[in-house]
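# Per-entry structural report
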Amino acid sequence: MLTVLVANTKGGCGKTTTATHLAAAFAGAGLKTALADCDRQRSSLGWIAARPAEAPAIAGVDWVKGPGKSPQVDRLVIDAPAAMRMGGIEELILEADVVVVPMLPSVFDETSTTRLLTKVQAVKPIRKGKKALGLIANRLRPRSKAGVRLERFADEQTHELVGRIPDRAVYADVARDGLSVFDLRGTRGEALRSDWLPIVRFCENQA
Ligand SMILES: Nc1ncnc2c1ncn2[C@@H]1O[C@H](COP(=O)(O)OP(=O)(O)OP(=O)(O)O)[C@@H](O)[C@H]1O
Ligand SMILES: [Mg+2]
């Protein structure tokens, strides 16, 4: 089993969007997949409840009160809440094989991501390089100064920027229907999925 933790203490940076997309990517590839929701908002569990029966199945796991028994699956994706104490983050990191940290191109996200990375770096398996951590730039706009600044920010970090997801209205639309761009047919879906593939590969490289 490969466990992917999606975390950032910044709210609204795309944790649930990333967690649901990674889960849909794994499930779509024929892997038995579960999505553990640690957030009181239960957005990931709501997304699973809205997911159509014909879409590749993803099992929902309620970890709102903390990590429970791991389900017997090939891939487990953990959607972490924004409001988390260090002990909580550490507990989830120990459950995971790989950590992905989405962030927006904004100075506020840079500040909170720096704070998070400093804390996370103190967790032994991350510090020792035993567990990989990758940054994701989310909601990028073409040719924006904020996007350039985020690239520069990422260059200064110990951890690599492993994915770039553009700002697209489709993400709000698919979320509402329990879907992801991995569930869309045709060339439009294919183009949107290509943005996620480096992130999927980064996770799979740790399997
Ligand atoms: N790449 C994107 N393009 C456009 N909209 C996006 C994108 N990523 C996320 N969103 C939208 O931004 C909002 C916040 O995203 P999401 O819920 O994934 O963040 P979150 O980090 O899980 O938030 P929270 O901290 O509240 O759990 C949602 O409405 C989502 O549809
Ligand atoms: Mg969320």
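Above this text you will find the structure in question.
To start, this report covers the structure provided alongside it. In this text the structure is predicted, and so the values were computed from the model without any measurement.

Now for the sheet that holds strand 7 (residues 161-166). Hydrogen bonds along the backbone pair up the strands of a sheet, which may run parallel or antiparallel. If you trace the seven strands from one edge of the open sheet to the other, you get 3-2-4-1-5-6-7, paired in parallel fashion. With partners counted over all chains shown, the strands left at the sheet margins are strand 3 (59-62) and strand 7, one partner each. Looking at each pair of strands side by side, their axes are set apart by 20° on average, direction ignored. One ladder, built from five bridges, connects strand 1 (residues 2-6) with strand 4 (residues 75-79); its direction is parallel. Considered in strand 4, the bridge of Val6 is made with Asp79. In the packing of helix 1 (residues 15-28) onto the sheet, contacts are made with strand 1, strand 2 (33-37), strand 4, strand 5 (98-103) and strand 6 (132-140), and the angle to strand 4 comes to roughly 170°. Across the sheet, helix 6 (residues 145-155) is in contact with strand 5, strand 6 and strand 7; its angle to strand 7 comes to roughly 165°.

Before going further, it helps to examine a positive patch on the surface. Taken together, the side chains of Lys124, Arg127, Lys128 and Lys130 make up a positively charged region of the molecular surface. Tracing the backbone through its elements, the reader meets Arg127 in helix 5 (residues 124-127). According to the relative accessible area criterion, Arg127 is partly exposed, its value standing at 46%.

Around ligand 1 sit 18 residues, and of these Gly12, Lys15, Thr16, Thr17 and Asn138 come closest. Residue Gln41 places a side-chain N or O atom 3.2 Å away from an oxygen atom belonging to ligand 1. Notes on ligand 1: free accessible area 630 Å², of which the protein chains cover 80%. Mapped by element, the contributors of at least two residues to the shell around ligand 1 are helix 1, strand 6, strand 7 and helix 7 (170-176). If you tally residues by element for the shell around ligand 1, the top one is helix 1, at three residues. Among the residues forming the shell around ligand 1, the class breakdown is six nonpolar, seven polar and five charged.

Scoring rules and cut-offs
- Residues numbered from 1 in each chain as written.
- Chains lettered and ligands numbered in written order.
- Predicted model: local features only at pLDDT ≥ 70, side-chain atom pairs only at ≥ 80, totals over all residues.
- Heavy atoms only, no water.
- Pairing = 2+ DSSP bridges.
- Helix = DSSP H or I, 4+ residues; strand = E, 2+ residues; numbered from the N terminus.
- Axes fitted to C-alpha atoms, helices over the stretch in contact; angles between N-to-C directions.
- Contact = heavy atoms within 4.5 Å.
- Patch = residues over 30% accessible without salt bridge, like charges linked within 9 Å, V, L, I, M, F, W, Y side chains within 5 Å.
- Areas by Shrake-Rupley, 256 points an atom, 1.4 Å probe, with all protein chains shown as cover.
- Salt bridge = Lys/Arg side-chain N within 4 Å of Asp/Glu carboxyl O.
- Lys, Arg positive; Asp, Glu negative; His and termini not counted.
- Charge placed at Lys NZ, Arg CZ, Asp CG, Glu CD.
- Buried < 20%, exposed > 50% of the residue type's maximum accessible area, 1.4 Å probe, protein only.
- Near = heavy atom within 4 Å.
- Polar contact = N/O pair within 3.5 Å; in protein donor to acceptor, adjacent residues only side chain to side chain.
- Nonpolar A, V, L, I, M, F, W, Y, C, P; charged D, E, K, R; others polar.

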